[in-house]
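Spelled out, the chains give:
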Amino acid sequence: MAKKYINDVRFWLLAIVIFGGGFALHPSVGLSILDFSSFRIGLYQIAAVGLIISSLPLIFKKRQSLSRNRWLIGGFLAIFIAITVGVFFAEARLRTALYSLSLLFLLTVGLSAGLIYSELSKSEKRKLISVGLWSGLIFGILAIIQLIVATFEPTGFGTLCAGCKADVFGFPRINLFAAEPQFFANSLLPAFFFALFQSKSRLAKFSLFFTTIAISLTFSRGGFLAIFIAITLLLIVAFIKRINLSFIYKNIPIAATGLLFGFILLFSSANIRYANTPFIAHNTFVSMVDQLSLGKIKIPQKSVAKNPSPKPAENVPSSNNSFQPAGFVEASANDRLSASDLAIKSWLSSPRTFFFGVGLGNLGNFIQKHLHVNVPADQTVYVFYILLLSGLGIIGLFALLIAPLIIIFFAIKNIRKIKAQFILSLTIAMFVHFWFFGSFINTIHCFAIIGIFLYNYPRDYAEKV
């Protein structure tokens, strides 16, 4: 009885960590110490801690086999050396130590998830898939509800993030209870690909439809691009290997319909919220095209000619009820490129930083002292790879990237198996999406999934999705 209870607890902790990223911010308590503004403790983070604690008996049980794994030991050793060097030379040692502990926490989550998943029975693995499908369906419905609420109440009753408001694109971007739309979209990737690879399940079709709607309501171009590239590369590999993916072709129209329906909801939200604003339909369309094309497609905006009279015209809406795209995409891109440029200059500043980085969380202080640029102490980079490269150097980044590369290699090697096709698609999607944000606390589910894929090869490829 006790063993069954422990197994059930492990199962649900694993399910929450993998599929519960939509609640990564709320409910939580912020612990903004040492300029670590995103440091927080909430129910989702407690579940991740519980996952680690519940896996300790498994780690102890399999300690001998783990200690003989050269890749595991070598990777942890390389990262530990990079972290130690970074902390020792950091301008803000306590902050760097806290960030470093965050990374070690994520790595431990990955190891714990891999071990716990290996102990699941086939029925429990099927149940885990069902939980994932239900999560996509439920999050999709909740996302629609949040959009409706935010259309009439600007803050979504306090649930919308600072950059989610309707005055940016004309419609609110949905983040549910995650920190940002990007993170919410990323947390939905596991449910999306689980549903995409189910050929006969009615639940999967509903889940795929509503999960795609939720991703479209985030209006996350990183999420869109991640899914598009993952599916495209899978189709290319399948074409080269002459593999039949008819079930994928049948499900893609469902996903496309969900995406279109989500865009219609966003467009409708803008036209309802700014109903009295001239040219709202046109300007909303302009903001959508500008975002989706990364600012490459420019469509002229329309605006009401200014009244030369000092008195406002009666028919011109007030500023608090009008919308006009204001170059948000271009400003965001410039901010992203500027932060990345400073991070790369910091990384290349000396042989030590080239190999071991400036220290995680130490980038702002390093730039202030060595590049003489006035940036905040909590300076970050909005590209996860460049953030890791500047913090851990080439050695630390390589040790972290070798895991997904191994996963992709073995997935392609076993590509005729549906499980390998699923693993390849989800892994590529996650690591494409990492180009669009830099965060530790919002990638817990990604490290858990990587740990599962990496630890359970090759026996897991023989099982059906």
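One can find the structure itself at the top, above this paragraph.
Residues numbered from 1 in each chain as written. Predicted model: local features only at pLDDT ≥ 70, side-chain atom pairs only at ≥ 80, totals over all residues. Heavy atoms only, no water.

Draft legend 1. Spatial organisation of the nonpolar core. Ranked by internal contacts, the top residues of the largest apolar core, which has 128 residues, are Leu14, Leu103, Leu128, Phe184, Phe192, Phe193 and Phe440. The biggest single contributor to this core is helix H17 (residues 384-413), with 13 residues. Sequence-distant contacts of Leu103, that is, excluding residues within four places in its chain, are made with Ile79, Ile83, Leu360, Leu392, Leu400, Phe440 and Phe447. (Core = buried A, V, L, I, M, F, W, Y, C linked by side-chain atoms within 4.5 Å. Buried < 20%, exposed > 50% of the residue type's maximum accessible area, 1.4 Å probe, protein only. Helix = DSSP H or I, 4+ residues; strand = E, 2+ residues; numbered from the N terminus. Contact = heavy atoms within 4.5 Å.)

Draft legend 2. Quick look at empty space enclosed by the protein. Summed over all chains, the structure comprises three cavities of 30 Å³ or more. Roughly 110 Å³ of volume is contained in the largest cavity. As for the largest cavity, its lining consists of 14 residues, of which Leu360, Gly361, Asn362, Leu363 and Leu387 are closest to the centre. Those elements that place two or more of their residues in the lining of the largest cavity are helix H5 (93-118) and H17. Broken down by element, the lining of the largest cavity gets its largest block of residues, three residues, from H17. Split by residue class, the lining of the largest cavity holds six nonpolar, seven polar and one charged. (1 Å grid on protein atoms, 1.4 Å probe; cavity = no way out; pocket = protein on both sides within 12 Å on 5 of 7 lines; lining within 4 Å. Points joined across faces, edges and corners; volume = space filled by probe spheres on them. Nonpolar A, V, L, I, M, F, W, Y, C, P; charged D, E, K, R; others polar.)

Draft legend 3. Geometry of the packing of aromatic side chains. Per the counting criterion, the structure on display carries 28 aromatic pairs. The interplanar angle of 35° and the centroid separation of 6.0 Å between the aromatic rings of Phe209 and Phe261 together place this pair among those described as tilted. Separated by 52 residues along the polypeptide, Phe209 in helix H10 (residues 202-218) and Phe261 in helix H12 (residues 246-273) bring together distant segments of the chain. Classification of Phe261 by relative accessible area gives partly exposed; the value is 36%. With a centroid separation of 5.8 Å and an interplanar angle of 70°, the aromatic rings of Phe219 and Phe263 are classed as edge-to-face. In this pair, Phe219 sits in the loop between H10 and helix H11 (221-241) while Phe263 sits in helix H12, placing the two residues 44 residues apart along the sequence. Its relative accessible area of 19% is what places Phe263 among the buried residues. (Phe/Tyr/Trp six-rings, centres within 6.5 Å; stacked < 30°, edge-to-face > 60°.)

Draft legend 4. Molecular detail of the pattern of salt bridges. For the structure shown, the criterion picks out three salt bridges. Across the pair Asp8 and Lys4 runs a salt bridge whose closest N-O atoms are separated by 3.1 Å. Note that Asp8 and Lys4 are positioned in helix H1 (residues 2-19) at a spacing of four residues, about one turn of the helix. A residue is classified by how much of its surface remains accessible, and Asp8, at 29% relative accessible area, is partly exposed. (Salt bridge = Lys/Arg side-chain N within 4 Å of Asp/Glu carboxyl O.)

Draft legend 5. Quick look at the state of the cysteines. A complete count under the given rule lists one disulfide for this structure. Each sulfur of the disulfide joining Cys161 and Cys164 lies 2.0 Å from the other. Between Cys161 and Cys164, the S-S dihedral sits near 85°, and the bridge is therefore right-handed. (Disulfide = S-S within 2.5 Å.)

Draft legend 6. Seen up close, the layout of surface pockets. By volume, the second largest pocket is sized at about 840 Å³. Lining the second largest pocket are 35 residues, and of these Leu72, Ala403, Ile450, Gly451 and Leu454 lie nearest its centre. Going through the elements one at a time, helix H3 (63-67), helix H4 (70-89), H5, H17 and helix H19 (444-455) are the ones with two or more residues in the lining of the second largest pocket. The dominant element in the lining of the second largest pocket, judged by the number of residues it contributes, is H17, at 12 residues. Counted by class, the lining of the second largest pocket contains 29 nonpolar, six polar and no charged residues.

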